[in-house]
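Structure at a glance
So the chains spell out like this:
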Amino acid sequence: SGLLVAHTFVGQVAYALVPILTRLRLAGQGAEAKTWLRRFLGWGTLVCALAAGGMWFLASPITRLLFGPGFEEAAFSVRAVAPAALLLPLLHAGVVLATVEKQPGRKVRAALAGLAVFLVAAVVLRGREAAGISAAFSLGLAAVALVIGARAVKLKGIGWE
């Protein structure tokens, strides 16, 4: 799906920042680290917005093309996960900061929060079939992004200066 492609692409770009941010942290250059992080969040958001828009608008024709006219209902599932792509830069920025700052507990807390939200949403939305489970997945991903990304969005949070 488009979400997986966006997740993989933005994730690989984010992980490329780990050595750069680590070097900047060791040198006490927090302002420069903030610049790199802001750039990543900006460009990553643009890429993911394009991916989400593409997923949303092309869901029906692509589903019809790939699976045939009998599977058009699957487009609802694609649309249900499309908004989650918008949160991927925040998620990956948070993961990268947790890695550079040697805070694996943040990753664990974010993963547990996402799992809890997914499970609750899956139960609540179980009557919505595939679109419901897709929406539950999106909500779980949103929880992960918000928990891990809270520090990344508070760019003042880099206290290495």
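Shown above is the structure to which this text applies.
This text gives an overview of the structure that appears in the document.

Cut-off values and rules
Residues numbered from 1 in each chain as written. Predicted model: local features only at pLDDT ≥ 70, side-chain atom pairs only at ≥ 80, totals over all residues. Heavy atoms only, no water. 1 Å grid on protein atoms, 1.4 Å probe; cavity = no way out; pocket = protein on both sides within 12 Å on 5 of 7 lines; lining within 4 Å. Points joined across faces, edges and corners; volume = space filled by probe spheres on them. Helix = DSSP H or I, 4+ residues; strand = E, 2+ residues; numbered from the N terminus. Nonpolar A, V, L, I, M, F, W, Y, C, P; charged D, E, K, R; others polar. Axes fitted to C-alpha atoms, helices over the stretch in contact; angles between N-to-C directions. Parallel < 35°, antiparallel > 145°, perpendicular 65-115°, else oblique. Left-handed = near helix turned anticlockwise from the far one by under 90°. Contact = heavy atoms within 4.5 Å. Buried < 20%, exposed > 50% of the residue type's maximum accessible area, 1.4 Å probe, protein only. Polar contact = N/O pair within 3.5 Å; in protein donor to acceptor, adjacent residues only side chain to side chain.

On to the layout of surface pockets, then. Gaps left between atoms show up when a probe the size of a water molecule is rolled over them. If you add up the space inside the largest pocket, you get close to 240 Å³. Sort the elements by how many residues they give to the lining of the largest pocket and helix H2 (residues 30–67) lands first, with 8 residues. Residues that form the lining of the largest pocket fall into these classes: 8 nonpolar, 5 polar and no charged.

Interaxial distance between helix H3 (residues 74–81) and helix H6 (residues 129–153) falls to 8 Å at its minimum, and their mutual angle equals 10°. Comparing the axis directions of H3 and H6 gives the class roughly parallel. The two elements H3 and H6 meet at a crossing, and its hand is right-handed. Contact residues: H3 offers Phe-76, Ser-77, Ala-80 and Val-81, while H6 offers Ala-130, Ala-131, Ser-134, Ala-135, Phe-137 and Ser-138. Partitioning the contact of H3 with H6 into residue classes produces 7 nonpolar, 3 polar and no charged.

To continue, consider the environment of Ser-60. Here Ser-60 is to be found in helix H2. By relative accessible area, Ser-60 is classed as partly exposed at 23%. In sequence terms Ser-60 and Gly-70 are 10 residues apart; their C-alpha atoms lie 11 Å from each other. For Ser-60, the contacting residues outside a window of four places in its chain are Ala-75 and Arg-79. In terms of polar contacts, Ser-60 uses its side chain to reach the side chain of Arg-79, at 3.1 Å.

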